[in-house]
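Examining the three-dimensional arrangement
One-letter residues, chain by chain:
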Amino acid sequence: MLIYGHRGASADHPENTFEAFEAARNQGADGVELDVRLTADGVLVVCHDPVVTDAHGLDLVIAESDSTSLPDAVPSLAEALDACGDLVVNVEIKHGNDEPGFDPQRRLADLVLEEWSGRGRTPRIIVSSFDFAMIERIRAIDPRVPTGYLVLAAFQPVDAVQRCLDGGHNALHPWDPLVDQSVVDRCHEAGLAVNVWTVDDPERIVQLQSWGVDGVVTNRPGFARSTLSS
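As the structure is a computational prediction, the values presented were derived from the model and not from experiment.

Two faces make up the sheet, and in a regular strand the side chains alternate between them. The buried count for strand E2 (residues 31-38) comes to eight of eight residues, which makes it a mostly enclosed element. By the alternation rule, side chains of E2 split into Gly31, Glu33, Asp35 and Arg37 and Val32, Leu34, Val36 and Leu38, which are all buried. Taken together, the three bridges between strand E1 (residues 2-6) and E2 define a ladder with parallel strand orientation. Paired with Gly5 across the strands is Val32, a residue of E2. Between the parallel pair E1 and E2, the chain is carried across by helix H1 (residues 18-26), and the sense of this crossover is right-handed. Pairing geometry for E2 and strand E6 (residues 88-93), over six bridges, is parallel. Paired with Glu33 across the strands is Asn90, a residue of E6. Where E2 folds back onto strand E3 (residues 44-46) in an antiparallel hairpin, the turn is made up of five residues, including Gly42, whose phi is positive at roughly 80 degrees.

Right, let's talk about the layout of surface pockets for a bit. Approximately 260 Å³ is the volume attributed to the largest pocket. Together, 18 residues line the largest pocket, and Leu38, Ala63, Pro100, Gly101 and Phe102 are the ones closest to its centre. If you list the elements that add at least two residues to the lining of the largest pocket, you get E2 and helix H3 (107-117). Considering only residue class, the lining of the largest pocket consists of eight nonpolar, four polar and six charged.

A few words on the state of the cysteines. Applying the stated rule across the entire model yields zero disulfides. With no disulfide of its own, Cys47 has Cys84 as its nearest cysteine by sulfur position, at a separation of 15 Å. Judged by relative accessible area, which is 11%, Cys47 ranks as buried. Since its relative accessible area comes to 0%, Cys84 is described here as buried.

Counting residues in hydrophobic clusters, the biggest one holds 31 residues, and the most contacted among them are Phe21, Val32, Leu34, Val36, Leu44 and Val89. Among the elements of the structure, H1, E2, E3, helix H2 (77-84), E6, H3, strand E7 (125-129) and helix H4 (132-141) are those that each provide at least two residues to this core. For this core, the element with the highest residue contribution is H3, accounting for six residues. When residues no more than four places from it in sequence are discounted, the contact partners of Phe21 are Arg7, Gly8, Asn16, Val32, Leu34, Val46, Ala80, Ala83, Cys84 and Leu87.

A separate point is the pattern of salt bridges. Across all of its chains, the model carries 13 salt bridges by this definition. Here Asp142 ties to Arg144 by a salt bridge, and the two come within 3.0 Å at their closest N and O atoms. One salt bridge in this structure joins Asp176 and Arg204, with 2.6 Å as the shortest N-O distance. Here Asp176 is found in the loop between strand E9 (171-174) and helix H6 (181-189), whereas its partner Arg204 is found in helix H7 (residues 202-210), with 28 residues between them in sequence. We note that Asp176, like Arg204, is buried.

Here Thr39 lies in the loop between E2 and E3. A distance of 2.4 Å separates a polar atom in the side chain of Thr39 from a polar atom in the side chain of Asp41. Of note is the side chain of Thr39, whose polar atom sits 3.0 Å from the backbone nitrogen of Val43. Ignoring sequence-local partners within four residues, the contact set of Thr39 consists of Val45, Ile62, Ala63, Ser65, Asp66, Ser67 and Leu70.

A few words on unusual backbone geometry. In the segment running from Thr122 into Pro123, the intervening peptide bond is cis, with an omega of -5 degrees. The residue after Gln156, namely Pro157, is reached through a cis peptide bond having omega 0 degrees. Within the secondary structure layout, Pro157 lies in the loop between strand E8 (147-151) and helix H5 (160-167).

In contact at an axis separation of 8 Å, H3 and H4 are set at 50 degrees when each is read in the N-to-C sense. Taken together, the axes of H3 and H4 lie oblique to each other. Crossing geometry of H3 relative to H4 is assigned as right-handed. Across from Leu108, Ala109, Asp110 and Leu113 in H3, the residues of H4 making contact are Met134, Arg137, Ile138 and Ile141.

Procedures and definitions
Residues numbered from 1 in each chain as written. Predicted model: local features only at pLDDT ≥ 70, side-chain atom pairs only at ≥ 80, totals over all residues. Heavy atoms only, no water. Buried < 20%, exposed > 50% of the residue type's maximum accessible area, 1.4 Å probe, protein only. Helix = DSSP H or I, 4+ residues; strand = E, 2+ residues; numbered from the N terminus. Pairing = 2+ DSSP bridges. Right-handed = clockwise from strand over helix to strand, strands pointing away. 1 Å grid on protein atoms, 1.4 Å probe; cavity = no way out; pocket = protein on both sides within 12 Å on 5 of 7 lines; lining within 4 Å. Points joined across faces, edges and corners; volume = space filled by probe spheres on them. Nonpolar A, V, L, I, M, F, W, Y, C, P; charged D, E, K, R; others polar. Disulfide = S-S within 2.5 Å. Core = buried A, V, L, I, M, F, W, Y, C linked by side-chain atoms within 4.5 Å. Contact = heavy atoms within 4.5 Å. Salt bridge = Lys/Arg side-chain N within 4 Å of Asp/Glu carboxyl O. Polar contact = N/O pair within 3.5 Å; in protein donor to acceptor, adjacent residues only side chain to side chain. Axes fitted to C-alpha atoms, helices over the stretch in contact; angles between N-to-C directions. Parallel < 35°, antiparallel > 145°, perpendicular 65-115°, else oblique. Left-handed = near helix turned anticlockwise from the far one by under 90°.

As structure tokens, this is what we get:
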């Protein structure tokens, strides 16, 4: 079972920062999960929330702000990929129709793949999103790129397993509290990997491994590594 640092080693460092990514690697993570958004001037940046607070206490909407106005702690995707080194990177594209910057053309997918391809297709990535149309766009551009569908539950409000199969996607990324053995088994029977988020409890990590889960996203990658090694 692969261990992904949730926004890096975010229990020990500010999430989605160079320090968190480097710490995840040093703690023995196999990969990191990070969040990508697009600024007003067309720069891919790594940040979970659509709004950040600058040094003066002002709230900045990322989709409506130039990258140069964002806090230094917000890295570009290019900088984050550099910091991740040889780790697998789960690039979650943040894109909701209720958030600023919604783009029905899903241009973010094109830009993420352009950035990655321009680097010689390294590091290894998997692109995920709660926006199913976004990962559909990824597969339309380059079906060789692994894609994962982020969901809360595997079967509500849609049959996400079947949806992944119909779209030719590689993995289901369900929320941990709604995962059980039957979810894992059905995904594997369908040929889908299962990457579960976000898990910090050691007993749960061991249980997920016993069920054959392929990857676990955790705020504490070093702790998860030691748990699986004991």
